[in-house]
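# Commentary on secondary and tertiary structure
Now for the letters of each chain:
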Amino acid sequence: MIHWQVRFKSLRNNRLYTASIYDDQFSGNPIHLKGAARPFETEEDAKDDLFNDIITQSGYLRIVNDKKDYNGNTLPDNWWRDVIPETDISRPVILTDDYGNILWQGFLQAQNFGMNMYVNAQEISLPVQCALATLSRIDMDADAYTGQKNFAALLDYALDILPLDFENIYIQGGADAMQWMIKRFDWRIFGETDQDGVYDSNCSVFDALEDMCKYWGWTMRTHQDDIYLTCVDDTSVPNFQNVTRAQLTTM
């Protein structure tokens, strides 16, 4: 359920955009907050390196806190503390245009944003990150499967963790890419037994996806509500295979 929203217009095209913050513990009408001068901004990390295994995105959602919402209603004291997420995936953020198209989706970072005391109006910068970035803080479940699974199962497992919907996965390689995705490996590579005899995870979900991309020569990134797996230096396989989430699960 949407708990908070920030609406703003672009100076270039006069289009209306809405940044929505979701809260699964909330029910009721969204609270409309006031956007700052630069309300929403993201950029790709290491954007100059096209050969990174996974390219993540981060940025800020900026709001003005003057103790009133966009409609002039008084906000509760310390209302902004409720915005702070408990985990990196507990506050999804989705940016849409005036046609309802998803332009960006990710999460608020689990940080204490901080506020200055005795200031009537101030800007709050809420750090955001893309869905892939959050997976670096989530351990692989080494017991999720037994025996051999394929690479499609690994990607499907990772996307199931995230409370976001990704419509399509575009994989460079065409028909060959489908053969790569169904190659199998032993799921036990994601676990190890410690000195006390306890079998547990040995890597994060991000690490597992990074190894998959490194093995096949892919670079993974998100764009709007899609995921892309590209190999920009391989001109022998220029075509992309479009796989829906349902097809990925079936694979």
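Here the structure is shown first, and the text comes after it.
Residues numbered from 1 in each chain as written. Predicted model: local features only at pLDDT ≥ 70, side-chain atom pairs only at ≥ 80, totals over all residues. Heavy atoms only, no water.

An order of 13-14-9-15 is seen for the four strands of this open sheet, with the pairing classed as mixed. Both outer strands of the open sheet, strand 13 (219-223) and strand 15 (240-244), are each paired with one neighbouring strand and no more. Averaged over all pairs of adjacent strands, the angle between their axes in this sheet comes to 20 degrees, without regard to strand direction. As paired elements, strand 9 (residues 168-172) and strand 15 share five bridges and run antiparallel to each other. (Pairing = 2+ DSSP bridges. Helix = DSSP H or I, 4+ residues; strand = E, 2+ residues; numbered from the N terminus. Axes fitted to C-alpha atoms, helices over the stretch in contact; angles between N-to-C directions.)

Take Gln-57: it is sitting in strand 4 (residues 57-65). Within the local environment of Gln-57, its side chain forms a polar contact with the side chain of Trp-104, the two groups lying 2.8 Å apart. Among all residues touching Gln-57, those that are not within four sequence positions of it are Glu-43, Glu-44, Asp-45, Trp-104, Gln-129, Cys-130 and Thr-222. (Polar contact = N/O pair within 3.5 Å; in protein donor to acceptor, adjacent residues only side chain to side chain. Contact = heavy atoms within 4.5 Å.)

Our next topic: the pattern of salt bridges. Evaluated as defined, the whole model comprises 13 salt bridges. Note that Arg-62 and Glu-41 form a salt bridge whose closest N and O atoms lie 3.1 Å from each other. Note that Arg-62 is positioned in strand 4 and Glu-41 in strand 3 (residues 31-44), a separation of 21 residues in sequence. For Arg-62, the salt bridge is made with Glu-123, and the minimal N-O distance between the two is 3.9 Å. Here Arg-62 is found in strand 4, whereas its partner Glu-123 is found in strand 7 (residues 122-130), with 61 residues between them in sequence. Shared partners join several salt bridges into a network, and the residues in it are Arg-38, Glu-41, Arg-62 and Glu-123. (Salt bridge = Lys/Arg side-chain N within 4 Å of Asp/Glu carboxyl O.)

Ranked by size, the top nonpolar core spans 65 residues in total, and within it Leu-135, Met-140, Leu-154, Leu-155, Leu-209, Trp-218 and Met-220 carry the most contacts. In terms of residues, this core owes the most to one element, helix 2 (residues 151-161), which gives seven residues. Beyond its immediate chain neighbours, meaning those up to four positions away, Leu-209 contacts Ile-54, Leu-135, Leu-154, Leu-155, Ala-158 and Met-220. (Core = buried A, V, L, I, M, F, W, Y, C linked by side-chain atoms within 4.5 Å. Buried < 20%, exposed > 50% of the residue type's maximum accessible area, 1.4 Å probe, protein only.)

The subject of this paragraph is the packing of aromatic side chains. Two aromatic rings, taken as a pair, are described by how far apart their centres are and by the angle between their planes. Applying the stated criterion across every chain yields a total of 16 aromatic pairs. Ring centres of Phe-40 and Trp-104 lie 5.5 Å apart, and the angle between their planes is 65 degrees; on these two criteria the pair is classed as edge-to-face. Placement of Phe-40 in strand 3 and of Trp-104 in strand 6 (residues 102-108) is noted, with a sequence separation of 64 residues between them. Taking relative accessible area as the criterion, Trp-104 reaches 6% and is therefore assigned buried. Both rings, one in Phe-151 and one in Trp-216, keep their centres 5.7 Å apart while their planes meet at 80 degrees; by these two values the pair is edge-to-face. Here Trp-216 lies in helix 4 (residues 205-216) and Phe-151 lies in helix 2, a separation of 65 residues in the sequence. The class of Phe-151 is buried, set by a relative accessible area of 10%. (Phe/Tyr/Trp six-rings, centres within 6.5 Å; stacked < 30°, edge-to-face > 60°.)

Our focus in this paragraph is the pairing of strand 3. Sheet faces and side chains relate simply in a regular strand, where the side chains alternate between the two faces. In terms of strand pairing, strand 1 (residues 2-9) meets strand 3 through three bridges, oriented parallel. Bridging across to strand 3, Gln-5 finds its partner in His-32. Relative to strand 4, strand 3 is paired through seven bridges, and the arrangement is antiparallel. Residue pairing for strand 4: Glu-43 is matched across the bridge by Ser-58.

In this section: the sheet that holds strand 7. Sheets are built from strands that pair by backbone hydrogen bonding, the pairs being arranged parallel or antiparallel. Spatially, the seven strands close up into a barrel ordered 1-2-5-6-7-4-3, and their pairing is mixed. On average, adjacent strands in this sheet sit at an angle of 35 degrees to one another, irrespective of strand direction.

Read these as layout, nothing more, since geometry by itself doesn't imply function.
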